[in-house]
Amino acid sequence: MMKESNGGVSDSVIRKVLISYFYVAIWIFLSFSVIVYNKYILDPKMYNWPFPISLTIIHMAFCSFLAFIAIHVFRFIELPSSMNGDLYVSSVVPIGALYSLSLWFSNSAYMYLSVSFIQMLKALMPVAVYSIGIMFKKETFNSSTMLNMLSISFGVAIAAYGEARFNVTGVSLQLAAVAFEATRLVLIQILLTSKGISLNPITSLYYVAPCCLAFLIVPWWFVEFPRLRSAASFQPDLVIFGTNSICAFALNLAVFLLVGKTSALTMNVAGVVKDWLLIAFSWSVIRDTITPLNLIGYGIAFLGVAFYNHAKLQALKVKEMQKKAQQQDEESGALLDGDKKSENQV
C-alpha cells in the first residue's frame, strides 16, 4: 500500500520531486563548472592559455573517444538504424560545422569579457532562434512574440551600455556564437527531427563531435598552431585539461538525464537559475564589476525570457489538450462504428 505524508502527498511523488531536483542540481553544477573552468583556462589574467580552438579540439576529441567507447565497447546505447552516409553528409555535417563555429567563438569571448556579461548576452538566444526560425519558415511571425523579442533585445542593450569592461571584439564573438548556435538548433529541427531522427547526447556526440573536430582543424592549423609552436616551452597541466574535458563530457550526460527525467522546460528554468548564480559568482569571487545598469538591463531581458518560456508552455498545453481531444473523438468514432456493425449483424 502506498504511504502518504502528513500533507497527503505520497512517498513516491516526494521521491520523484527530490530526484528531479537532484538532476537539476547536477546539471547546474556541471554547467556552472564548465563555464568557470573555460574562463579560468582562457583568461589572460588567470591560467593564461589563450587558445580557444585548441581547447575546443581537446573537448571534441575526448567526447568522441568516450562516445565511441560507450557505444561500441560497453554498448550502453544503440545507434539509430535510419542514419546512413547520405543522411550524415546532408544533415549532420552542416550541424557539426555550425557547432564548431559556435564553440570556437563562445570560448574565444572568455578572453575579452566577464562571465557575468557573457551570460547577459546569451539572453538573446530566444531572439536569435525565433528570428532564424522565421527565416527558415519553422516559426510564424507573431506581433506579440516579436514585441517580446524586442523587449529582450532592449534589456540586453541596456546591460551592454552599462558594462564596465565592454569590448567590441568580445561582444562580436559572443553575438556570432549565439547566431551560429541558434541556426544549429533550427537546423536540427529541419534536418533531423522532421525526419523522425532523435539523437540523445551520447549519439549526438558520436556523430557530431568528430565532424566538429574535423572542421576545427583547418582554422587551428592557420590561427593557433604557429603560436603554439612558438610557445613550445609551455607545458600544459594534464590534470587541469583532463578534468576540464571530463566536466564537458559529463555536462552532456547531465543534459540527457535532466531532459529525460524531467522536461526541456525544466532545463530552461534551471538555466535561468544558473545564469543568476554565475552573475553572483562572477561578482563575488572573480571580482568582476557589475553595474546597476547591468542588473537593470538583464532584469528586463530576464522578464522577457521568462514570459517567452511561459507562452511556449501554454502553447504546448493547448496542443496537448487538442491532441487528447482528437484521440477521444477517434476512440468514440471507433466505438460507434463497432456498435453499428453489431446492430447490422443482429
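Now for a description of the structure that goes with this document. Residue positions are given per chain, counted from 1 along the sequence in the order it is written. Selection of residues for local features in this predicted model requires a pLDDT of at least 70, selection of side-chain atom pairs for listing and counting requires 80 or more, and totals for whole chains, interfaces and linings are taken over all residues. Side-chain measures were taken over the full set of non-hydrogen atoms in the model, leaving aside hydrogen atoms and water.

1. Some thoughts on the packing of aromatic side chains
Line of reasoning, step 1. The pairing test for Phe, Tyr and Trp rings, Trp by its six-membered ring, is centres within 6.5 Å, and the orientation test on the planes gives stacked under 30 degrees, edge-to-face over 60, and tilted for anything in between. Enumeration over the complete set of coordinates arrives at 17 aromatic pairs.
Line of reasoning, step 2. Ring centres of Tyr206 and Tyr207 lie 5.2 Å apart, and the angle between their planes is 75°; this geometry places the pair in the edge-to-face category.
Line of reasoning, step 3. Their ring planes at 55° and their centres at 5.2 Å tell us that Trp220 and Phe225 sit as a pair that is tilted.
Line of reasoning, step 4. Classification of residues uses two cut-offs on accessible area relative to the type maximum, computed with a 1.4 Å probe and protein chains only: under 20% is buried, over 50% is exposed, and between them is partly exposed. Overall, Trp220 belongs to the buried group, its relative accessible area being 19%.
Line of reasoning, step 5. Here the aromatic cluster, defined as three or more aromatic residues joined through ring pairs, consists of Tyr40, Tyr47, Trp49, Phe51 and Phe241.

2. A short note on the pattern of salt bridges
Line of reasoning, step 1. Salt-bridge detection follows one rule: a side-chain nitrogen of Lys or Arg within 4 Å of a carboxyl oxygen of Asp or Glu. For the coordinates displayed, the defined rule picks out 4 salt bridges.
Line of reasoning, step 2. The shortest N-O distance in the salt bridge between Asp43 and Lys39 comes to 2.7 Å.
Line of reasoning, step 3. A relative accessible area of 1% places Lys39 in the buried class.
Line of reasoning, step 4. Note that Arg165 and Asp288 form a salt bridge whose closest N and O atoms lie 3.7 Å from each other. Taken together, the residues Arg165 in the loop between helix 6 (143–161) and helix 7 (168–191) and Asp288 in the loop between helix 10 (264–284) and helix 11 (292–345) connect sequence positions 123 residues apart. We count a stretch as a helix when DSSP gives it H or I for four or more residues in a row; a strand needs E for two or more, and each element gets its number in order from the N terminus.

3. Concerning the state of the cysteines
Line of reasoning, step 1. By definition, disulfides here are pairs of cysteine sulfur atoms that lie within 2.5 Å. Under the criterion given, the structure shown has 0 disulfides.
Line of reasoning, step 2. With no disulfide of its own, Cys211 lies 7.3 Å from the sulfur of Cys212, the closest cysteine sulfur.
Line of reasoning, step 3. On the accessibility criterion, Cys211 (7% relative accessible area) is buried.

4. A word on unusual backbone geometry
Line of reasoning, step 1. We note that Arg75 has phi near 55°; this positive angle belongs to a residue other than glycine.
Line of reasoning, step 2. Locating Arg75 in the fold gives a position in the loop between helix 2 (52–73) and helix 3 (85–109).
Line of reasoning, step 3. Classification of Arg75 by relative accessible area gives exposed; the value is 60%.
Line of reasoning, step 4. Phi is positive for Lys137, which is not a glycine, with a value near 60°.
Line of reasoning, step 5. Examined against the element boundaries, Lys137 turns out to sit in the loop between helix 5 (125–135) and helix 6.

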